[in-house]
Amino acid sequence: MRARICRLISRRKFGIIYLFLALSVIILLLYSIKVTYLRTCEIKNVKLTNSITKSSCSFHSLSPKEAHMADLLKDSIAWPKTLSLSSYLSLNHTSDPAHSTFTILPPNGGGGWYVGDQLEVLIEIYDFHGRPKKSGGDFLLARLHNPYIYAGVAGQVLDHRNGSYSAIFSLPWEGLAQVEVILVHPSEGITVLEKLTQEQPGRIFFRSSFRWGSLIKTTICNICLNATQRLCNYTDLNTGEPWFCYKPNKLSCDARITHSRGGFIQNLQPMEEKLFENGVNLKVPIPASGPAHIQVLNQMDYFYKSAFNFPWDAPGEMSNPIRSRPAGYYYQGAWQSLDGTQVHQFNTITSINQCLKNKVVHLYGDSTIRQWFEHLNKSLPDLKEFDLQSSRQTGPFIALDYANNIYVTFRCHGPPIRFGTTPVSQLHYIANELDRVVGGNNTVIVIGIWSHFSTFPIEVYIRRLLNIRKAVVRLLKRAPGTLVIIRTANPKSLTLYETLTNSDWYSLQYDRVLRAIFKRVKVKLVDAWEMSIAHHLPHSLHPEPPIVKNMIDVMLSYICPSPTPENF
């Protein structure tokens, strides 16, 4: 009897232990699921009109304060509301650059235009039937230029949200000034681009290879993946930047060895494609309704003709309430900054060497920053690059001028990055790299990161910049003498593919966010956006050498604000 009772007690005892273990496993699984959910993208199924199921992401890694900041940034860059597209939309009802016009308005108070004045241009948008548009949202670029003296300045475009726009130009040079207005995208195209970002953020996807011995597998990777499949979580532990790959069969997540661009999924309706046609409505000039140029007079001409009254002193006249504030302009092919920086022309090897002597220059970012490394490497014969056997796309690169003690490096930013095959060991986040920099009076940091984020919701880019901003602030606190330079985005030539993955409209939104995030941080800007628009050379993702040379001159002018005269 006693033995029977003991066996019963023993069974109950072990049963309690088994129950406790089972509950522990369940709690652990639930906790794991919760953690995975918090560190991954929340997947929501969105039914499109063509019945294709897509995924959209909402991101959870921002703190409440940062999330609030992200909302404010999104509000600050909000585009004028565009009309939704109906299924029966005709191209004839959309914005047509050929029927649209621009008109140069007369100067305030009559008379002529003088250096320092503002020029205002009225732009009126019509559809393909020649009927005036009644709403705004078109994406326009404007510039003023003089091809004979290689002068140019970007204009500020204002949307009146009724089908008309104003382009405002500063007049910084004397002589001919020719107006150019370009329709980059019709408002209907902006509607499509906004929809793509929300409904198809994964239209560019990536791959990673996994290897264990002779077994090799390749899977899809991205910021957001379908969570119904097993995932490898490569979220950066320091910055919280998310990255995921589908887990390969029979291989561990630790077996990942490479990262590469996977491909592009295009999913547009036939009518939507017609909104992005070269020569029709994709980056097409708008004609003038009358003269497209003016003559700008020297201020002294006005001085002698007006009894010593300058334009801003004219009695009874109100100045134009709209002011164009360009970052600078080109004159004789050289960039002249209007932010107070005196830009010097570093036209000789000696002048560049003298400026960079005893300097460490770290370049971080995408291929538009890699251009700067290549430019310096080509311009300075004594700057010798070490062969690190790295990819010519991704780097890393190191170059050293031993005699002048000049040390220059380049490293690409972490994913998403659309380069060719890259070892995962070389995927470094800029914020983490900055935390490893000692810094000081002889250290220069250059950052340029924008192009590879354009297919994702703006929150992805905001989070990346906030992480970089925090790292920059930490660096400047421990080494206040460090010079940090930020390169902005730039416009580019566009095809249908480039538009859907890297439109100038996306770049403009990212450019505005970047400026806002770093506005109150002690950094210098190289305004690649205006430097590309104002130049006479065509837009390109990788600007032509004369534009890059001017960007390098701005960078060197920040490093050496008072160079030795004999070196120029």
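Attention here is on the structure that accompanies the text. Source: prediction; values computed, not measured.

1. What to know about the environment of Arg-512
In step 1: Of note, Arg-512 is situated in helix α11 (residues 504–517).
In step 2: On the basis of relative accessible area, Arg-512 is assigned to the partly exposed category, the value being 35%.
In step 3: Residues Arg-512 and Lys-74, spaced 438 residues apart in sequence, show a C-alpha to C-alpha distance of 9.9 Å.
In step 4: Once residues lying within four places of it in the same chain are set aside, the contact partners of Arg-512 are Ile-77 and Trp-79.

2. Here's the deal with the packing of aromatic side chains
In step 1: Within this structure, the stated rule accounts for ten aromatic pairs.
In step 2: Aromatic side chains Trp-79 and Phe-139 sit 5.8 Å apart centroid to centroid with 90° between the ring planes, which places their arrangement in the edge-to-face category. You can see Trp-79 sitting in the loop between α2 (64–76) and β3 (95–104) and its partner Phe-139 sitting in strand β6 (residues 139–146), a full 60 residues away along the chain.
In step 3: Assessed through its relative accessible area of 2%, Phe-139 is described here as buried.

3. Digging into the layout of surface pockets
In step 1: Taken as a whole, the second largest pocket spans an internal volume of roughly 880 Å³.
In step 2: Around the second largest pocket, the lining is made up of 31 residues, and of these Gly-155, Gln-156, Val-157, Leu-508 and Arg-512 lie nearest the centre.
In step 3: Put simply, the parts of the chain that give the lining of the second largest pocket at least two residues each are β6, β8 (156–159), α11 and α12 (528–533).
In step 4: Element by element, the count of residues in the lining of the second largest pocket is highest for α11, at five residues.
In step 5: Across the lining of the second largest pocket, the residue classes break down as 17 nonpolar, four polar and ten charged.

4. What to know about the pattern of salt bridges
Oppositely charged side chains are able to pair whenever their charged atoms sit close together.
In step 1: Applying the stated criterion across every chain, the model contains 18 salt bridges.
In step 2: A salt bridge links Asp-127 to Arg-131; the shortest N-O distance between them is 3.0 Å.
In step 3: You can call Arg-131 partly exposed: its relative accessible area is 39%.
In step 4: Of the charged contacts in the structure, one is a salt bridge between Arg-463 and Glu-241, with a shortest N-O distance of 3.4 Å. Taken as a pair, Arg-463 in helix α9 (residues 458–478) and Glu-241 in the loop between β13 (231–233) and β14 (244–246) lie far apart in primary sequence, 222 residues in all. Glu-241 matches Arg-463 in its accessibility class, with the two residues each being buried.
In step 5: What emerges from the salt-bridge pattern is a single network uniting Glu-241, Arg-463 and Arg-464.

5. Some words on the pairing of strand β18 (residues 328–331)
In step 1: Note: β18 against strand β19 (residues 334–337), four bridges, orientation antiparallel. Within β19, the position partnered with Gly-328 by the bridge is Ser-337.
In step 2: Linking two consecutive strands that pair antiparallel, namely β18 and β19, is a turn of two residues; a positive phi of about 55° is found at Gln-332 within it.

6. Brief notes about the sheet that holds strand β24 (residues 422–423)
In step 1: One open sheet accounts for six strands, arranged β13-β14-β12-β11-β15-β24; its pairing is antiparallel. The two strands at the open ends of the sheet, each matched to only one other strand, are β13 and β24.
In step 2: For β13 and β14, the ladder comprises three bridges, and the chain directions are antiparallel. Each bridged residue has a counterpart across the sheet, and for Cys-232 the counterpart in β14 is Cys-245.

Each value, and the rule that gives it
Residues numbered from 1 in each chain as written. Predicted model: local features only at pLDDT ≥ 70, side-chain atom pairs only at ≥ 80, totals over all residues. Heavy atoms only, no water. Helix = DSSP H or I, 4+ residues; strand = E, 2+ residues; numbered from the N terminus. Buried < 20%, exposed > 50% of the residue type's maximum accessible area, 1.4 Å probe, protein only. Contact = heavy atoms within 4.5 Å. Phe/Tyr/Trp six-rings, centres within 6.5 Å; stacked < 30°, edge-to-face > 60°. 1 Å grid on protein atoms, 1.4 Å probe; cavity = no way out; pocket = protein on both sides within 12 Å on 5 of 7 lines; lining within 4 Å. Points joined across faces, edges and corners; volume = space filled by probe spheres on them. Nonpolar A, V, L, I, M, F, W, Y, C, P; charged D, E, K, R; others polar. Salt bridge = Lys/Arg side-chain N within 4 Å of Asp/Glu carboxyl O. Pairing = 2+ DSSP bridges.

Read these as geometric descriptors, not functional statements.
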